[in-house]
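What the coordinates show
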Amino acid sequence: MGDDRLAHRDRSMSALIIPNAMITGNLFIVAAPSGAGKSSLVAALLAEDRLVRLSVSHTTRSPRPGEVQGKDYYFVDREQFLQMAANGEFLESAEVYGNFYGTSQRWIDATLKEGHDVVLEIDWQGAQQLRKIFSNVISIFILPPTLEALRARLEGRKQDTLETIQRRLAAAKEDISHVVEFDYVIINNNFTDAVKDLSGIIRTQRLQIARQLAAHEPLLMNLTQRESNG
């Protein structure tokens, strides 16, 4: 009877193991209303976790002070963006506040196959598109503690006109209404805590049983064999 249980356990474990050649990185979506701190949180994550890669989107909007071509975004004109979209180069694309944003499909596929986790900073529209393509995408929504705090952050950036800030605040309510579509929610009230929450989600996904068995198959098989002999 004991041998039957052992054999069943070993068969169950083997069924969960993913061949090393098939292990790919996780794909994460991070979305938020403008001013909620999404980019700052992702930057902090990248600084402490060398296994994460940030997808650099193409956009038709103008660079903000300090933004670098190829690092923050690939800045292109409207005509070039539309041509790339027509050529099928984008995994997802959306128009936000009058500007276009798109994610390179070729880069995403190649980076995931290399085993790296990939984070995309996109809006809820892009998230909806990606869920139709990647069934296992992990989505995270960043919320501000209050709308008043959101307004203060937008005004504190000193990057937008008053009219633009008002438009972003109005759009924030629409953005937030889609929070129920996401897997995780982080309230960015305390930045340090929010970074820990984001990092915790990334690490949790890496610890799923199938991934751990694939990454540490000899160890786990050895441990279970020792247990059966003991």
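Residues numbered from 1 in each chain as written. Predicted model: local features only at pLDDT ≥ 70, side-chain atom pairs only at ≥ 80, totals over all residues. Heavy atoms only, no water.

**Let's talk about the environment of Ile 23**
- The residue Ile 23 is located in the loop between helix 1 (2–16) and strand 1 (27–31) in this model.
- Counting along the chain gives 91 residues from Ile 23 to Glu 114, while the straight-line C-alpha distance between them is 8.7 Å. (Helix = DSSP H or I, 4+ residues; strand = E, 2+ residues; numbered from the N terminus.)

**Comments concerning the environment of Gly 25**
- Mapped onto the elements of the fold, Gly 25 is located in the loop between helix 1 and strand 1.
- Remark: the alpha-carbon pair of Gly 25 and Leu 112, spanning 87 residues in sequence, is separated by 4.6 Å.
- Apart from residues no more than four positions distant in its own chain, Gly 25 is found in contact with Leu 112, Gly 115, His 116, Asp 117 and Arg 211. (Contact = heavy atoms within 4.5 Å.)

**Overview of helix 6 (residues 147–157)**
- Within the span of helix 6, buried status applies to Ala 149, Leu 150 and Leu 154. Looking down the long axis of helix 6, one finds its buried residues gathered within 135° of arc, a one-sided arrangement. Opposite the buried face of helix 6, by more than 90 degrees, sit the exposed residues Glu 148 and Gly 156.
- Packing partners of the buried residues in helix 6 comprise helix 7 (162–176).
- Among the residues trailing helix 6, Lys 158 stands out with phi positive, at a value near 55°. (Buried < 20%, exposed > 50% of the residue type's maximum accessible area, 1.4 Å probe, protein only. Arc of directions from axis to C-beta.)

**Looking at helix 8 (residues 191–206)**
- The first and last C-alpha atoms of helix 8 sit 23 Å apart over 16 residues, in line with the 22 Å expected at 1.5 Å per residue.
- Those residues of helix 8 lying buried are Ala 194, Val 195, Leu 198, Ser 199, Ile 201, Ile 202, Gln 205 and Arg 206. What you see down the axis of helix 8 is that its buried residues fit within an arc of 150°, all on one side. For helix 8, exposure combined with an orientation more than 90 degrees from the buried face picks out Lys 196 and Arg 203.
- Two to three positions downstream of the cap, the backbone nitrogen of Thr 192 sits 3.1 Å from a side-chain oxygen, assigning the N-cap of helix 8 to Asn 190. (Expected span 1.5 Å × (residues − 1). Polar contact = N/O pair within 3.5 Å; in protein donor to acceptor, adjacent residues only side chain to side chain.)

**Digging into the nonpolar core**
- Among the nonpolar cores identified, the biggest contains 23 residues, and Phe 28, Val 30, Val 119, Ile 140, Ile 142, Ile 186 and Leu 198 are the most heavily contacted of them.
- Mapped by element, the contributors of at least two residues to this core are strand 1, helix 2 (38–48), strand 8 (138–143), helix 6, helix 7 and helix 8.
- Of all the elements, helix 8 adds the most residues to this core, at five residues.
- With near-sequence residues (within four places) excluded, Val 30 lies in contact with Lys 38, Val 42, Val 119, Leu 120, Glu 121, Ile 122, Ile 140, Ile 142 and Leu 198.
- Core analysis: the second largest hydrophobic core is formed by 18 residues, Ile 108, Ala 127, Leu 130 and Phe 182 among them. (Core = buried A, V, L, I, M, F, W, Y, C linked by side-chain atoms within 4.5 Å.)

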